[in-house]
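Coordinate inspection notes
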Amino acid sequence: MPLDPSFIGRSYPPSQPYDVSREKIREFADAIGATSPAYRDAEAAKALGHGDVIAPPTFAIVVAMKTNETVMFDPELKLDYSRVVHGDQNFTHHRPITAGDQLVSVAHIDAITSRMGNDMITVRTEISTVEGEPVTTAKSMLVVRGEDA
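Residues numbered from 1 in each chain as written. Predicted model: local features only at pLDDT ≥ 70, side-chain atom pairs only at ≥ 80, totals over all residues. Heavy atoms only, no water.

If you check an unreviewed UniProt entry, the protein appears there as UPF0336 protein C8D87_102744 from Lentzea atacamensis.

For an α-helix, 3.6 residues make a turn, and residues three or four places apart therefore share a direction. For helix H3 (residues 60-72), spanning 13 residues, the distance from its first C-alpha to its last is 18 Å, which sits close to the expected 18 Å at 1.5 Å a residue. Along its length, H3 reaches its greatest deviation from straightness, about 25 degrees, at Lys66. On the buried face of H3, the contacting elements are strand S1 (18-19), strand S2 (84-93), strand S3 (102-115), strand S4 (118-129) and strand S5 (134-144). (Helix = DSSP H or I, 4+ residues; strand = E, 2+ residues; numbered from the N terminus. Expected span 1.5 Å × (residues − 1). Bend = angle between axes of the 7 residues up to and from the residue. Contact = heavy atoms within 4.5 Å.)

The next point concerns the environment of Met116. The topology assignment puts Met116 in the loop between S3 and S4. Between the C-alpha atoms of Met116 and Arg145, which are 29 residues apart in sequence, the distance is 9.5 Å.

Moving on, we get to the environment of Val123. Topologically, Val123 is positioned in strand S4. For Val123, a relative accessible area of 0% puts it in the buried group. When residues no more than four places from it in sequence are discounted, the contact partners of Val123 are Asn68, Val71, Met72, Ala107, His108, Ala138, Lys139 and Ser140. (Buried < 20%, exposed > 50% of the residue type's maximum accessible area, 1.4 Å probe, protein only.)

A few words on the UniProt feature "domain: FAS1-like dehydratase" (unreviewed entry) in the protein. UniProt records the feature "domain: FAS1-like dehydratase" (unreviewed entry) for residues 6-137 in the present numbering. Between the first and last C-alpha atoms of residues 6-137 the distance is 23 Å; the span itself is 23% helix and 32% strand. (UniProt positions renumbered as here; feature names shortened; annotations may be inferred.)

One non-glycine residue, Lys78, lies in positive phi territory at about 60 degrees. By the element assignment, Lys78 lies in the loop between H3 and S2. Classification of Lys78 by relative accessible area gives exposed; the value is 55%. In this structure, Met116 takes a positive phi of about 50 degrees despite not being glycine. We classify Met116 as exposed; its relative accessible area is 84%.

Another aspect to go through is the packing of aromatic side chains. Summed over the entire model, instances satisfying the criterion amount to three aromatic pairs. Judged by centre distance (5.4 Å) and plane angle (85 degrees), the rings of Phe28 and Phe59 are edge-to-face. Pair noted here: Phe28 is in helix H1 (residues 22-32) and Phe59 is in the loop between helix H2 (42-47) and H3, with a separation of 31 residues, a long-range link. Side by side, Phe28 and Phe59 carry an identical accessibility label, which is buried. For the pair Phe73 and Tyr81, a centre-to-centre distance of 5.1 Å together with 50 degrees between the ring planes defines the contact as tilted. (Phe/Tyr/Trp six-rings, centres within 6.5 Å; stacked < 30°, edge-to-face > 60°.)

Set out below in structure tokens:
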């Protein structure tokens with residue numbers, strides 16, 4: 001069943017706060033093979049002008065994915081997640097994610113298109129601190145494979 005384009009422009013409620021810790025940053029950096037000392041050592045991060053350990057740029061996916069679940073599993077949208085493949089991902093960083101941040105995010109459906117029997121949905125997730133400081137804009141384009149794909 002094709003996705004309903006009337007969902008374009010829909011925004012979802014803000015997420016619960018996500019507490020960024022040094023340990024979560026270290027685990028993520030280890031998982032992706034990121035070796036910068038600024039991801040593990042507070043003094044190295046401070047020498048670069050940061051207040052604490054910073055996260056690798058793609059760490060924002062940890063926050064965005066949880067928020068995007070509100071879109072993917074919205075019963076009104078009727079998206080069959082078993083047919084989803086990731087088409088594209090990008091981040092616009094307004095500042096680094098830093099240990100000690102409490103982040104909230106809001107998901108927005110920016111586009112729904114259909115091509116060759118497949119639907120594509122673009123979700124923009126605005127990540128900010130609980131105080132409202134913009135941190136990262138994450139954009140994901142997901143392909144929902146058609147029945148014949």
